Amino acid sequence: MNRDFEFFNPTQVFFGRSAMENLAPVLSMYGENVLLAYGGGSIRKNGVYDQVMAVLKTCGKKVTEFAGIMPNPTYAKVLEGGALARACSADLILAVGGGSVIDCAKAVSIAAVEDGDLWTKYWLEKRQPDCDPIPVGAVLTMVGTGSEMDGDAVITNEETKFKTSCWDYAIYPRFAILNPEFTYSVPEYQMVSGIFDILSHIMEIYFSPDDEDNISDDFAEALMKSVIRNTAAALENPRDYTARSNLMWASSLALSGILSPGKREDWEVHQIQHQLGAYYDCAHGMGLAAISPAYYRLVYIYGLPKFRRFAINVWGIDPAGKGDLEVAMAGIDALADFIKESRMTPTLRALGIPDESRLEEIAKTCNLRKGGYHPLSHEEVLQILRESF
Ligand code: NZQ
Ligand code: ZN
C-alpha cells in the first residue's frame, strides 16, 4: 500500500432477512417528522411500502410522502423534494428504493436547508456543504449503485444537459437496511443492469495505478469473481437468496471506500455513461456494459500487466503459449462474452439509442478524468462511442 490514504465509512448497515427489525430502533434516534422518498411505485407492488409504513406508524412518526422519483433523478425533482422537506420540517429523509431514490434523497437533504444555486456550488464546483444536511436513511430495493453506503448523489440537470455527482461525508446514509429478499421483484433487465454497475465500480478502481502488491487489487479480484459466479445463479433462479445476498453485499462494498486505499481510480467509463445518460434516459449499468469493452480495448495497452492479470485471475485464461497482448485481450473478450451471456446490452443501439447523430456532442461535453492508465481525449471518447454503437 504505497500510496497514503484515508478510510472512513459512517453508514450503519443492517443486513439480511431480519434487517427490517432494526428500522424501529434506529428510527427512535430521530425526530418525529419523516420525509418518505420513493420512486415510481414498485415498492407499493412488492409490499415494501406497507412494511415500512407499518414501522413508521408504530414509531409514531408523522410521514410526508415524496413520491415519483424517476430513474436518473433530475435537479428539478431535488428542488421539489427540498421544498417538501422544509414544509414538513423533516427530521429524517427515509429513502426506499434503488440508487435513484437514495441519490435524490441525499441531494434533497442539502436542498432542504440551503437556498441559492446549489447545482453550481455542489455539482459543478464540488464544494463541501457548509450547511447541516438533514440525515438520510435507506431501505434498499435494488442493488448496483452502492448509494446506500456512499456519499455520492448523482443528479441530472435537464436544462444544461449534464449529469454529475456531488460527494460528501455529510450525505452518506446514516443507516441502510439491506434485505436481499426485497430485490426478488426487480425485473431481469434492471437486475443485470445493476450487476454490471457493480462490476464497473470495481473495474474503475482496479484498472488504475498504483499497481504494486496491494490488498485493494486482491480484494477487487475476489469481489469480481463473486459477482460473476452469482450473476449466473441469480439469472438461473432470481429467488436464490445466496446469490442475491452476495450480489447485494458486493454492491455495497464496491463503493464503500474499502477498495480505494492505495488506488488513483479511473472512472472514465462512468464519465462517458453519465454524459450519455444526460442525453438519453437509459439504465445506468446497461450504458456501462455497452461502453466498457470498447473503452478497455483502447486503453489496455497502457496498463498491459494489469489487464493480463485480470484475464488470468478473474476469467481463468490460461497464459501458456500466449503473448501478453493476447492474454490481456482474451480477458476483455471474456468480459464482452459475459455481457452477452448475462443478457446485458452489448451495444448502444441495443440500449435504444436510435442513431449516432448526438454522439459527437456527447463526446465533446464528456468530463475527462486522469486517474486511469491513459487519459482520454474528446476524440477518443467519440471513437469509443462509435465503436460501442
Ligand atoms: O421507480 P421505482 O419504483 O423505484 O422502480 C425502479 C426503477 O424503475 C425499479 N426498482 C427498484 N427496486 C425494485 C424495482 N422494481 C421492482 N422491484 C424492486 N425491488 O428499478 C428501476 C431502476 O431503479 P433505479 O433506482 O433508477 O436504478 P439504480 O439503482 O441502478 O440507480 C441508478 C441511478 O444511480 C446513479 C445512476 O447514475 C442513476 O442515476 N448512480 C449512483 C451512484 C452512487 N450514488 O454512488 C453511483 C453509480 O455509478 C451511479 O452513477
Ligand atoms: Zn455506476
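It should be emphasised that the depicted structure is a prediction, and the values quoted were computed from it without experimental measurement.

Caption draft 1: Quick peek at the coordination of the zinc ion (ligand 2). Ligation of the zinc ion (ligand 2) by protein atoms is provided by Asp197 (OD), His201 (NE2), His270 (NE2) and His284 (NE2), these donors lying 2.0 to 2.2 Å from the ion. Sequence positions of the residues that donate to the zinc ion (ligand 2) give the spacing D-x3-H-x68-H-x13-H. Placement of the pair is His270 in helix 10 (residues 268–279) and His284 in helix 11 (residues 284–299), with a sequence separation of 14 residues. By relative accessible area, which is 15% here, His284 ends up buried.

Caption draft 2: A look at empty space enclosed by the protein. Inspection of the entire model under this criterion finds one cavity of 30 Å³ or more. Volume-wise, the largest cavity comes out at about 50 Å³. Lining the largest cavity, in full, are Phe162, Lys163, Thr164, Gln271, His274, Gln275 and Asn367. If you list the elements that add at least two residues to the lining of the largest cavity, you get strand 7 (162–167) and helix 10. By residue class, the composition of the lining of the largest cavity is one nonpolar, five polar and one charged.

Caption draft 3: Structural context of a nonpolar patch on the surface. Residues Met1, Phe5, Phe7, Ile215 and Ile258 make up a contiguous nonpolar surface patch of about 480 Å² in total accessible area. Examined against the element boundaries, Phe7 turns out to sit in the segment before strand 1 (12–15).

Caption draft 4: Quick peek at the state of the cysteines. Evaluated as defined, the whole model comprises zero disulfides. Unpaired in terms of disulfides, Cys131 finds its nearest cysteine sulfur in Cys166, a separation of 9.4 Å.

Caption draft 5: The arrangement of the nonpolar core in detail. In this structure, Trp123, Tyr296 and Leu348 are the most contacted members of the largest nonpolar core, which totals 113 residues. If we skip the residues at most four places from it in the chain, Trp123 touches Tyr75, Ala107, Leu118, Ala153, Ile155, Thr164, Ser165 and Cys166. The next biggest cluster of nonpolar side chains, apart from the first, holds 23 residues, and it includes Tyr49, Val52, Ile177 and Phe182.

Caption draft 6: Fine view of the pairing of strand 8 (residues 175–178). Burial along strand 8 is two-sided: Phe175 and Ile177 facing one way and Ala176 and Leu178 facing the other are all buried. Both strand 1 and strand 8 contribute to a ladder of four bridges, which runs parallel. Looking at strand 8, one finds that Gln12 is bridged to Phe175. Of the pairings in the sheet, the one linking strand 5 (residues 136–140) to strand 8 comprises four bridges and is parallel in character. Directly across from Ala138, in strand 8, lies its bridge partner Ala176.

Caption draft 7: Here's a closer look at the packing of helix 10 against helix 11. Two elements in contact, helix 10 and helix 11, have axes whose closest approach is 9 Å; the angle formed by their N-to-C orientations is 130°. Judged by the angle between their axes, helix 10 and helix 11 are oblique. You can see that helix 10 and helix 11 cross each other, and the crossing is right-handed. Residue-level inspection shows Glu268, Val269, His270, Ile272, Gln273, His274 and Leu276 of helix 10 in contact with helix 11, the latter providing His284, Gly287, Leu288, Ile291, Ser292, Tyr295 and Tyr296.

Caption draft 8: Quick peek at helix 4 (residues 75–87). For helix 4, spanning 13 residues, the distance from its first C-alpha to its last is 19 Å, which sits close to the expected 18 Å at 1.5 Å a residue. Residues of helix 4 that are buried include every one of Tyr75, Lys77, Val78, Gly81, Gly82 and Ala85, and no others. One face of helix 4 carries all of its buried residues, which in axial projection span an arc of 150°. Along helix 4, the residues that are exposed and aim more than 90 degrees away from the buried face are Ala76 and Ala87.

Caption draft 9: Just the sheet that holds strand 3 (residues 62–66), in detail. What the six strands build is an open sheet, ordered 1-8-5-4-2-3; its pairing is parallel. Each of the sheet's edge strands pairs with one partner strand only, and the pair in question is strand 1 and strand 3. Averaged over all pairs of adjacent strands, the angle between strand axes in this sheet comes to 20°, irrespective of strand direction. Contacts between helix 4 and the sheet are confined to strand 2 (33–38) and strand 3, with strand 3 contributing the most and set at about 160° to the helix. In the packing of helix 9 (residues 241–254) onto the sheet, contacts are made with strand 1, strand 5 and strand 8, and the angle to strand 1 comes to roughly 175°.

Caption draft 10: The arrangement of the pattern of salt bridges in detail. Taken as a whole, this structure holds 20 salt bridges when the rule is applied. The partner of Glu65 in a salt bridge is Arg44, with the nearest N and O atoms 3.3 Å apart. Placement of the pair is Glu65 in strand 3 and Arg44 in helix 2 (residues 42–45), with a sequence separation of 21 residues. Under the relative-accessibility criterion, Glu65 is labelled partly exposed at 30%. Residue Arg44 is classed as partly exposed on the basis of its relative accessible area of 45%. For Asp130, the salt bridge identified is with Lys121, shortest N-O distance 2.9 Å. Owing to a relative accessible area of 13%, Lys121 belongs among the buried residues under this scheme.

Caption draft 11: Layout of the packing of aromatic side chains. All told, the structure shown has 21 aromatic pairs when counted by the stated rule. Note on Tyr206 and Phe310: the rings are 6.1 Å apart at their centroids and 50° apart in plane angle, and the pair reads as tilted. Residue Tyr206 is located in helix 7 (residues 188–206), and its partner Phe310 is located in helix 12 (residues 304–315); the two are separated by 104 residues in the primary sequence. The same class applies to Tyr206 and to Phe310, which are both buried. The ring of Tyr279 has Lys161 lying over it, and the distance from NZ or CZ to the ring centre is 5.9 Å. A cation over a ring is seen here: Lys306 above Tyr206, with NZ or CZ 4.3 Å from the ring centre.

Scoring rules and cut-offs
- Residues numbered from 1 in each chain as written.
- Chains lettered and ligands numbered in written order.
- Predicted model: local features only at pLDDT ≥ 70, side-chain atom pairs only at ≥ 80, totals over all residues.
- Heavy atoms only, no water.
- Donors = N, O, S within 2.8 Å, 3.2 Å for Na, K, Ca; no water.
- Helix = DSSP H or I, 4+ residues; strand = E, 2+ residues; numbered from the N terminus.
- Buried < 20%, exposed > 50% of the residue type's maximum accessible area, 1.4 Å probe, protein only.
- 1 Å grid on protein atoms, 1.4 Å probe; cavity = no way out; pocket = protein on both sides within 12 Å on 5 of 7 lines; lining within 4 Å.
- Points joined across faces, edges and corners; volume = space filled by probe spheres on them.
- Nonpolar A, V, L, I, M, F, W, Y, C, P; charged D, E, K, R; others polar.
- Patch = residues over 30% accessible without salt bridge, like charges linked within 9 Å, V, L, I, M, F, W, Y side chains within 5 Å.
- Areas by Shrake-Rupley, 256 points an atom, 1.4 Å probe, with all protein chains shown as cover.
- Salt bridge = Lys/Arg side-chain N within 4 Å of Asp/Glu carboxyl O.
- Disulfide = S-S within 2.5 Å.
- Core = buried A, V, L, I, M, F, W, Y, C linked by side-chain atoms within 4.5 Å.
- Contact = heavy atoms within 4.5 Å.
- Pairing = 2+ DSSP bridges.
- Axes fitted to C-alpha atoms, helices over the stretch in contact; angles between N-to-C directions.
- Parallel < 35°, antiparallel > 145°, perpendicular 65-115°, else oblique.
- Left-handed = near helix turned anticlockwise from the far one by under 90°.
- Expected span 1.5 Å × (residues − 1).
- Arc of directions from axis to C-beta.
- Phe/Tyr/Trp six-rings, centres within 6.5 Å; stacked < 30°, edge-to-face > 60°.
- Lys NZ or Arg CZ within 6 Å of the ring centre and 35° of its normal.

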